[in-house]
Amino acid sequence: MSRLLEATGIVKRYGHVTALHGADFSADAGEVVALIGDNGAGKSTLVKVLSGVVAPDEGTIQIKGNPVTLGSPLGARAFGIETVFQDLSLAPDLGPAENAFVGRELVKPGLLGWFGVLDSSKMRRQAADAFMSMGTNLMTLLDEPVATMSGGQRQSVAICRSIMWASEVLFLDEPTAALGVVQTRNVLDLVRRVAARGVAVVLISHNMQQVLEVADRVEVLRLGRRVAQFRAAGTNIEQLVGAMTGALDGSAA
């Protein structure tokens, strides 16, 4: 059976600097895959390639066994791929429901199809259904500006917004960075609930303990290449750090 998402031999150059040297990556439906590596390993560049932000110079990307060209973030969205970057890209003066539909607003048809107006009630209802289905604590905050929310609540808004549209793959870039213990637990629980809906969740993180707790599988990048794969169960932090630093190479996945 083909992988849901598979990248092979990805090369990305920036002038004289090569950020990815034939990197490989894969993820299956309903799987949480952690992508780890030291600073400069190529994680951010690979995520940008797989989310359509930048185009690879070489290599192939397949979705369900079919070669695709993403072209742009909008192109990636057409294949059911969504990404939550560290800056979250939320509109601070809007509420969670409004943020969920930024760039995807629903419009009521106007007279003869002209001059339609925003269908605010429908957007709010659909956002509420999505937030409720993901078990978040945002139902009483749907109309509150996200600027007034905690870091964990804003992270939940960003993730829920993406899962509304991510039918295949969701990339999460350091989703628990700068969060407290309770907020971190809520976000990690949300990650597992997203995967339970059949979406492949790719978690980029430096927190090895969280990686082993929430991920099904771990892929390790070093110097722009995938150097190891592990099943999270039965793997320890020392093995992950060894693969990241070059003290240990291999595959246990």
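In case you missed it, the structure is sitting above this.
Predicted, not measured: the structure shown is a model, and the values here were computed from it.

> So what's going on with the overall build of the chain? Residues and values would help.
Counting its secondary structure elements, the chain contains eight helices and 13 strands. Against the 2.2 N^0.38 benchmark of 18 Å for 253 residues, the chain shows a C-alpha radius of gyration of 19 Å, consistent with a compact globule. Summarising its shape, the C-alpha atoms of the chain cover approximately 65 × 40 × 35 Å along the three principal directions. Looking at the 253 residues of the chain, the share that counts as buried comes to 47%. In the chain, the share of contacts with a sequence separation of at least 24, taken over all contacts with a separation of at least 6, comes to 64%. Taken as a whole, the chain presents about 12000 Å² of accessible surface, with 53% of it coming from carbon and sulfur. Within the chain, one finds 23 positive and 25 negative side-chain charges whose respective centroids are separated by 3 Å.

> Go over the layout of surface pockets with me, naming the residues and quoting the values.
The volume enclosed by the largest pocket comes to roughly 370 Å³. Of all the secondary structure elements, the ones that give two or more residues to the lining of the largest pocket are helix H2 (73-78), strand E6 (81-84), helix H3 (96-100) and helix H5 (151-165). Element by element, the count of residues in the lining of the largest pocket is highest for E6, at four residues. Class assignment for the residues of the lining of the largest pocket results in twelve nonpolar, five polar and four charged.

> Explain helix H4 (residues 120-133) to me, and be specific about the residues and the numbers.
Across its 14 residues, H4 extends 20 Å between first and last C-alpha, which sits within 8% of the 20 Å expected from 1.5 Å per residue. Where H4 is buried, its residues touch H3, strand E8 (117-118) and H5. Of the residues one or two after H4, Gly-135 is the one with positive phi, at around 70°.

> Kindly report on the environment of Arg-197, identifying the contributing residues and their values.
Summarising the element assignment, Arg-197 is placed in the loop between helix H6 (181-196) and strand E10 (200-204). Placed 30 residues apart in sequence, Arg-197 and Ser-167 show a C-alpha to C-alpha distance of 9.2 Å.

> Which residues make up the nonpolar core, and what values go with them?
Counting residues in each nonpolar core, the largest one holds 49 residues, and the members touching the most others are Ile-36, Leu-170, Leu-172, Val-194, Val-218 and Val-220. For this core, the leading source of residues is H6, giving six residues. In contact with Leu-172, not counting residues within four places along its chain, are Val-84, Ile-159, Val-191, Val-201, Val-202, Leu-203 and Ile-204. Counting residues in hydrophobic clusters, the runner-up holds 28 residues, among them Leu-5, Val-33, Leu-35 and Val-49.

How each quantity is defined
- Residues numbered from 1 in each chain as written.
- Predicted model: local features only at pLDDT ≥ 70, side-chain atom pairs only at ≥ 80, totals over all residues.
- Heavy atoms only, no water.
- Helix = DSSP H or I, 4+ residues; strand = E, 2+ residues; numbered from the N terminus.
- Rg over C-alpha atoms; globule rule 2.2 N^0.38 Å.
- Buried < 20%, exposed > 50% of the residue type's maximum accessible area, 1.4 Å probe, protein only.
- Contact = heavy atoms within 4.5 Å.
- Areas by Shrake-Rupley, 256 points an atom, 1.4 Å probe, with all protein chains shown as cover.
- Lys, Arg positive; Asp, Glu negative; His and termini not counted.
- Charge placed at Lys NZ, Arg CZ, Asp CG, Glu CD.
- 1 Å grid on protein atoms, 1.4 Å probe; cavity = no way out; pocket = protein on both sides within 12 Å on 5 of 7 lines; lining within 4 Å.
- Points joined across faces, edges and corners; volume = space filled by probe spheres on them.
- Nonpolar A, V, L, I, M, F, W, Y, C, P; charged D, E, K, R; others polar.
- Expected span 1.5 Å × (residues − 1).
- Core = buried A, V, L, I, M, F, W, Y, C linked by side-chain atoms within 4.5 Å.

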